[in-house]
Amino acid sequence: MTEHPTKLVYFAWVRERIGRPEEELALPAEVETVRDLLLWLKGRGEEYENALQYPEVIRVAINHEHVDHREKIAGAREIALFPPMTGG
Amino acid sequence: MTAHATPLVRIQREDFDTEAEISRLTRGRADIGAVVTFTGLCRDEAGQLAALELEHYPGMAEAEISRIAAEAIERWPLQGLSAIHRFGRIAPGENIVLVVAASAHRQAAFEAANFMMDYLKSRAPFWKKEHRTDGSEGGWVEAKETDDAAAARWRR
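Naming follows an unreviewed UniProt entry, where chain B appears as Molybdopterin synthase catalytic subunit of Pseudaminobacter soli. Here is the UniProt Catalytic activity (unreviewed entry) comment for chain B, exactly as written: "2 [molybdopterin-synthase sulfur-carrier protein]-C-terminal-Gly-aminoethanethioate + cyclic pyranopterin phosphate + H2O = molybdopterin + 2 [molybdopterin-synthase sulfur-carrier protein]-C-terminal Gly-Gly + 2 H(+)". UniProt lists a comment for chain B under the heading Function (unreviewed entry), and it reads "Converts molybdopterin precursor Z into molybdopterin. This requires the incorporation of two sulfur atoms into precursor Z to generate a dithiolene group. The sulfur is provided by MoaD."

As annotated in an unreviewed UniProt entry, chain A is Molybdopterin converting factor subunit 1 from Pseudaminobacter soli.

**Student:** Talk me through the side chain of B:S82; I want residue IDs and the actual numbers.
**Tutor:** Residues and elements named next belong to chain B. Here S82 shows up in strand β4 (residues 78–86). The buried category is assigned to S82, whose relative accessible area is 1%. When neighbours within four sequence positions are excluded, S82 is seen to be in contact with L8, L25, L98, V99 and V100.

**Student:** Requested: an account of the nonpolar core, with residues and values cited.
**Tutor:** B:W76, B:L81, B:V99, B:M116 and B:F126 are the most contacted members of the largest nonpolar core, which has 37 residues in total. Sorting the residues of this core by element identifies β2 (34–41), β3 (49–56), α2 (60–75), β4, β6 (95–103) and α3 (106–123) of chain B as the ones contributing at least two each. Per-element accounting of this core gives the leading share, nine residues, to α3(B). Not counting chain neighbours up to four residues away, the residues in contact with B:L81 comprise B:T6, B:P7, B:L8, B:L25, B:A69, B:A72, B:I73, B:V99, B:V100, B:A101 and B:M116. In this structure, A:L8, A:V34, A:I62 and A:M85 belong to the second largest nonpolar core, which totals 34 residues.

**Student:** Residues and numbers for the sheet that holds strand β7 (residues 126–132) of chain B, please.
**Tutor:** All names here are of chain B. Spatial ordering of the open sheet is given by β5-β3-β7-β8, a layout of four strands whose pairing is antiparallel. A strand with exactly one partner marks an edge of an open sheet, and here the two such strands are β5 (88–90) and β8 (137–140). Strand-to-strand, the axes of this sheet are offset by a mean angle of 25 degrees, without reference to chain direction. Across three bridges, the pairing between β3 and β5 is antiparallel. The residue bridging L54 from the neighbouring strand is G88, located in β5.

**Student:** Any chance you could break down the layout of surface pockets for me, citing the residues and the numbers?
**Tutor:** Residues and elements named next belong to chain B. In this model, the largest pocket occupies a volume close to 640 Å³. Residue lining of the largest pocket: 28 residues in total, with R43, L52, K128, V141 and K144 positioned closest to the centre. If you list the elements that add at least two residues to the lining of the largest pocket, you get β2, β3, α3 and β7. The leading source of residues in the lining of the largest pocket is β2, at four residues. Residue classes in the lining of the largest pocket are distributed as twelve nonpolar, six polar and ten charged. Within this model, the second largest pocket holds a volume of roughly 400 Å³.

**Student:** Please provide a residue-by-residue account of unusual backbone geometry, values included.
**Tutor:** Residues and elements named next belong to chain A. Here N63, not a glycine, exhibits a phi torsion of approximately 50 degrees, which is positive. Along the chain, the position of N63 falls in the loop between β3 (59–62) and β4 (65–67). In this model, H64 sits at a positive phi of 75 degrees, which is unusual for a non-glycine residue. Considering the arrangement of structural elements, one finds H64 in the loop between β3 and β4.

Calculation rules
- For every chain, the first residue of the written sequence is number 1, and numbering continues from 1 along that sequence.
- For this description, chains carry letters from A and ligands carry numbers from 1, given in the order in which they are written.
- For a predicted model such as this one, the threshold for reporting local features is a pLDDT of at least 70, and the threshold for listing and counting side-chain atom pairs is 80 or more; totals across whole chains, interfaces and linings nevertheless cover every residue.
- Side-chain numbers come from the whole structure's heavy atoms, not from hydrogens or water.
- UniProt positions are given in the numbering used here, feature names are shortened, and annotations may be inferred rather than shown by experiment.
- Secondary structure elements follow DSSP: runs of H or I of four or more residues count as helices, runs of E of two or more count as strands, with numbering from the N terminus.
- Exposure classes here rest on a 1.4 Å probe applied to the protein chains alone. A residue is buried below 20% of its type maximum, exposed above 50%, and partly exposed in between.
- In what follows, residue pairs with any heavy atoms lying within 4.5 Å of each other are defined as contacts.
- Take the buried Ala, Val, Leu, Ile, Met, Phe, Trp, Tyr and Cys residues and link them wherever side-chain atoms come within 4.5 Å; each set so joined is a nonpolar core.
- Between any two strands, at least two bridges found by DSSP are needed for them to pair.
- What counts as an axis is a line fitted to C-alpha atoms, over the stretch in contact for a helix, and the angles between N-to-C directions run from 0 to 180 degrees.
- We place a 1 Å grid over just the protein atoms. Points where a 1.4 Å probe fits but has no way out form a cavity, open points with protein on both sides within 12 Å along at least 5 of 7 lines form a pocket, and any residue with an atom within 4 Å of a point lines it.
- Grid points are joined across faces, edges and corners, and a volume is the space filled by probe spheres set on the points.
- Any residue that is not Ala, Val, Leu, Ile, Met, Phe, Trp, Tyr, Cys, Pro, Asp, Glu, Lys or Arg is counted as polar, Gly included; the first ten are nonpolar and the last four charged.

Structural data, given as structure tokens:
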């Protein structure tokens, strides 16, 4: 396990389906990339399965910056998961 | 003036005053020849929308719009650039977003405002949820592929 839990934050229908706006989770060492994280979370229960059914559509930001799914998550303070944006 | 203008970025619940924002960029200056403003409004096409609920990611919304504005400032010769995005419950006809771009000649202001909006739509962390006039939730607005395509045309 990593030394410190990682803060995960969720928005829009990802937040609604998971059922909470944020949480702190200790991520297993084998969760190295964003894609690993999405697949690991998806296996944590029905609410995660509902939110992350199609992990490829989920947008991710690390420390307030957009990243792609190959990005390494080591050292992340805050990882955000959300649907494609619809502002403007 | 050779130094880059400092963009103004605000994320707020309350409405904005377009005239005041134009004046903020132009007041006391004679070197601005063009101001382009874009205002995005809450639209109701079918008479069924009571309001949009705009959710945002505090902290990242400011950071991402500031990054987009910094790129616009670097790409076009601008005398001023402002972007204001509202969040919370917004009724049809109300303002959602404002971009003001000021430059010596019109083309830079037009292009920078267009660029700002294309990038805001596909990269600023905001999500719209519909509330219907019958009291039901209309669900989350789906992102359009055309918005991604619009942003892609600015890639260098």
